[in-house]
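# Commentary on secondary and tertiary structure
Residues per chain, in single letters:
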Amino acid sequence: GGRMRSELTSSTVAKLEKGRLRLSLEYAQEIADVLGVSFLEVLGMDEVGVRVVPLVGEIAAGNWREAVHLTEESQVIPADLRGKDLFALRPRGDSMDKVVQCGGFIVVDPGQTELVDGKYYAVMNDEGETTFKQFSQNPLELRPCSTNPAYQPIPVGSKAFTVIGRVVYAGQEM
């Protein structure tokens, strides 16, 4: 907030640099805001090779951009994942449990919507439910990756679906 800017004096910075003052995450975020950098840079973690993207619980019917815009949560992901508008999505249920377990997350690149054989995509069906499936060229279908036999492949063309983006990473908090 406003009180912070006045406190960020050279003596405070000197104390932080010498390790005499502990840097809380809130304080790091405020410093980052003042300097116009990411808080990972302030913490010296930008070297570690991570970046932060918005974490969306799930995408309801409508607009993924809105869901990304509204979320307060974020997810740390490897920095080598390229893509301007990457966001993390926490899948619900067990339709993809062979790829990501309950509590895990996937990273979606909405800049990649062209279907490539064998790759995974976040898709939205005509009911507006979001899921992620593996695209298959032959036969032409979207395949669930689940241990639950209730999930069946969706032949492409049988149902309308929208590709939100390619899943470029799956992560699991241990």
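Residues numbered from 1 in each chain as written. Predicted model: local features only at pLDDT ≥ 70, side-chain atom pairs only at ≥ 80, totals over all residues. Heavy atoms only, no water.

### Looking at the overall build of the protein chain
In terms of regular secondary structure, the protein chain is built from five helices and nine strands. For the protein chain, the sequential pattern of α-helices and β-strands runs α-α-α-α-β-α-β-β-β-β-β-β-β-β. Looking at the 174 residues of the protein chain, the share that counts as buried comes to 32%. Sequence separation of 24 or more characterises 56% of the internal contacts of the protein chain that already satisfy a separation of 6 or more. Summing over all exposed atoms, the protein chain offers an accessible surface of approximately 10,700 Å²; the carbon and sulfur share of this is 50%. (Helix = DSSP H or I, 4+ residues; strand = E, 2+ residues; numbered from the N terminus. Buried < 20%, exposed > 50% of the residue type's maximum accessible area, 1.4 Å probe, protein only. Contact = heavy atoms within 4.5 Å. Areas by Shrake-Rupley, 256 points an atom, 1.4 Å probe, with all protein chains shown as cover.)

### A look at the sheet that holds strand β2 (residues 74-78)
One open sheet holds the nine strands; their spatial order is β2-β1-β3-β4-β9-β5-β6-β7-β8, and the pairing between them is mixed. At either end of the open sheet lies a strand with only one pairing partner, and these are β2 and β8 (154-155). (Pairing = 2+ DSSP bridges.)

### Focus on the packing of aromatic side chains
Under the definition given, this model contains two aromatic pairs. The interplanar angle of 40 degrees and the centroid separation of 6.2 Å between the aromatic rings of F105 and Y169 together place this pair among those described as tilted. Of this pair, F105 sits in strand β4 (residues 105-109) while Y169 sits in strand β9 (residues 161-171), and the two are 64 residues apart along the sequence. Under the relative-accessibility criterion, F105 is labelled buried at 4%. (Phe/Tyr/Trp six-rings, centres within 6.5 Å; stacked < 30°, edge-to-face > 60°.)

### So, the side chain of D109
Of note, D109 is situated in strand β4. Within polar-contact distance, the side chain of D109 engages the backbone nitrogen of G111 at 2.8 Å. Those residues in contact with D109 that sit more than four places away from it in its chain are R82, G83, L86, G165, R166 and V168. (Polar contact = N/O pair within 3.5 Å; in protein donor to acceptor, adjacent residues only side chain to side chain.)

### Digging into unusual backbone geometry
The linkage connecting N138 with the following residue, P139, adopts the cis geometry, with an omega of 0 degrees. Positionally, P139 belongs in the loop between β6 (130-136) and β7 (141-143).

### Observations regarding the side chain of S136
With respect to the secondary-structure elements, S136 resides in strand β6. A polar contact is formed between the side chain of S136 and the backbone oxygen of P139, at a distance of 2.5 Å. What S136 contacts, discounting residues up to four positions off in sequence, is D117, E141 and R143.

### A few points about the nonpolar core
Core analysis: the biggest nonpolar cluster contains 15 residues, and F87, L89, I106, V108 and F132 have the highest contact counts within it. When residues of this core are traced back to their parent elements, those giving at least two are α5 (64-70), β3 (87-89), β4, β5 (120-125) and β9. In this structure I106 touches F87, A88, L89, P91, V100, F132, V167, Y169 and A170, once residues within four positions along its chain are discounted. (Core = buried A, V, L, I, M, F, W, Y, C linked by side-chain atoms within 4.5 Å.)

### Remarks on the environment of T131
When you line up the elements, T131 lands in strand β6. Sequence separation between T131 and G93 is 38 residues, and the spatial gap between their C-alpha atoms is 9.6 Å.

### Describing the pattern of salt bridges
Inspection of the entire model under this criterion finds two salt bridges. In this structure, D85 and K84 form a salt bridge, with 3.5 Å as the shortest nitrogen-oxygen distance. Given the relative accessible area of 38%, D85 is considered partly exposed. We note a salt bridge from E141 to R143, for which the minimum N-O separation is 2.8 Å. (Salt bridge = Lys/Arg side-chain N within 4 Å of Asp/Glu carboxyl O.)

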